[in-house]
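# Observations on the three-dimensional arrangement
Here is how the chains run, residue by residue.
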Amino acid sequence: MRDFQNISHELRTPLTLIMNPIESALKRYSEDNDIVMADKNAKRLYRLVNQLLDFQKISAGKKELKLVNVNLAKFSNICGGMFESSCQKKKIDFKFTLNGKNISEESLDKTNISIKADTDSLEKIIFNYL
């Protein structure tokens, strides 16, 4: 497991050095689709490396999951909302539904699908799914 952690750290360092020039280029050339795509994928790879490190910490008992009650419908809707602008740009019709019905903020408060979860881990699962 120690080698796994070392490899993850070794990947993260050059990735950080790649991300900085990409972010600078993105500020200057925000309309360049190649730079936008490189930025998105570099950030995604960075998140994946961090997930590997988190997994290793949990497996080694160095990080504990903090379980709290979470309204799954409301939490999923918040996570899904973070993808709205990307979906609009790509002309993807993205709607949050429950049992085939569109969900509003009001109905989310009334929908109590509650689970115990670590919110950071749950967010990663939902983001990976989306």
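Our structure is the block above this text.
Every value quoted in this text rests on a predicted model; they were computed, and no experiment measured them. Position labels on residues start from 1 in each chain and follow its written sequence. Under the rules for a predicted model, residues below a pLDDT of 70 receive no local features and side-chain atom pairs below 80 are neither given nor counted, while totals for whole chains, interfaces and linings still include all residues. Processing note: side-chain calculations cover all non-hydrogen atoms of the structure and skip hydrogens and water entirely.

The next subject is the overall build of the protein. For the protein, the count of helices and strands is six helices and four strands. Numbered from the N terminus, helices here are DSSP runs of H or I no shorter than four residues, and strands are runs of E no shorter than two. Counted from the first residue to the last, the protein has its helices and strands arranged as α-α-β-α-α-β-β-α-β-α. Two things to know: the radius of gyration comes from C-alpha atoms, and the globule rule equals 2.2 Å times the number of residues to the power 0.38. Taking 130 residues into account, the globule formula puts the C-alpha radius of gyration at 14 Å, and the protein, at 18 Å, lies well above it. Referenced to the eigenvectors of the C-alpha coordinate spread, the extents of the protein come out at roughly 45 × 45 × 20 Å. Any two residues whose heavy atoms approach within 4.5 Å are treated as being in contact. Sequence-distant contacts in the protein: of pairs separated by 6 or more residues, those separated by 24 or more amount to 72%. Areas reported as accessible are Shrake-Rupley estimates using a 1.4 Å probe. Residue values count occlusion only from the protein chains shown. When the accessible area of the protein is evaluated, it comes to approximately 9800 Å², of which 54% is carbon and sulfur surface. His is not counted here, nor are the chain ends, while Lys and Arg score as positive and Asp and Glu score as negative. Lys charges are placed at NZ, Arg charges at CZ, Asp charges at CG and Glu charges at CD. When the 21 basic and 17 acidic side-chain charges of the protein are each reduced to a single mean position, those positions are 1 Å apart.

A separate point is the packing of helix H3 (residues 72-81) against helix H6 (residues 119-129). For helices, the axis comes from a line fit to the C-alpha atoms of the stretch in contact; other axes are also lines fit to C-alpha atoms, and the angle between any two N-to-C directions lies between 0 and 180 degrees. Running from N to C, H3 and H6 cross one another at 60°; their axes reach a closest spacing of 10 Å. Looking at the two axes, H3 sits oblique to H6. For H3 against H6, the interelement crossing comes out right-handed. Between H3, through Leu 72, Phe 75, Ser 76 and Cys 79, and H6, the contact on the second element is made entirely by Thr 119, Leu 122, Glu 123, Ile 126 and Phe 127. Each residue gets one label: Ala, Val, Leu, Ile, Met, Phe, Trp, Tyr, Cys and Pro are nonpolar, Asp, Glu, Lys and Arg are charged, and the others, such as Gly, are polar. Across the contact of H3 with H6, the residue classes tally to six nonpolar, two polar and one charged. Orientation categories follow fixed angle ranges, with anything under 35 degrees roughly parallel, anything over 145 roughly antiparallel, 65 to 115 roughly perpendicular, and all other angles oblique. We call a crossing left-handed when the near helix sits turned anticlockwise from the far one by less than a right angle, and right-handed when that turn is clockwise.

Let us now look at the pattern of salt bridges. Where charged atoms from two side chains of opposite charge come close, those side chains can pair. Whenever a carboxyl oxygen of Asp or Glu lies within 4 Å of a side-chain nitrogen of Lys or Arg, that contact is scored as a salt bridge. The full count for this structure, using the stated rule, is two salt bridges. Where Lys 43 meets Asp 39, a salt bridge forms, and the shortest distance between an N and an O atom there is 3.2 Å. Highlighted residues: Lys 43 and Asp 39, both in helix H2 (residues 33-59), separated by four residues, approximately one helical turn. Asp 93 is paired through a salt bridge with Lys 95; the nearest N and O atoms lie 3.7 Å apart. Lys 95 carries the same exposure label as Asp 93, and that label is exposed. Any residue under 20% of the maximum accessible area for its type is buried, any over 50% is exposed, and the rest in between are partly exposed; the area is computed with a 1.4 Å probe on protein chains only.

This next bit is on the side chain of Ser 76. By the secondary structure assignment, Ser 76 is in helix H3. For Ser 76, a relative accessible area of 17% puts it in the buried group. In this view, Ser 76 contacts Phe 96 and Ile 126; residues no more than four positions away in its chain are not counted.

Further remarks concern the environment of Lys 95. Relative to the helices and strands, Lys 95 resides in the loop between helix H4 (84-89) and strand E2 (97-98). Accessibility expressed as a relative area gives 51% for Lys 95, which makes it exposed. The spatial distance from the C-alpha of Lys 95 to the C-alpha of Glu 84 is 8.8 Å, given a sequence separation of 11 residues.

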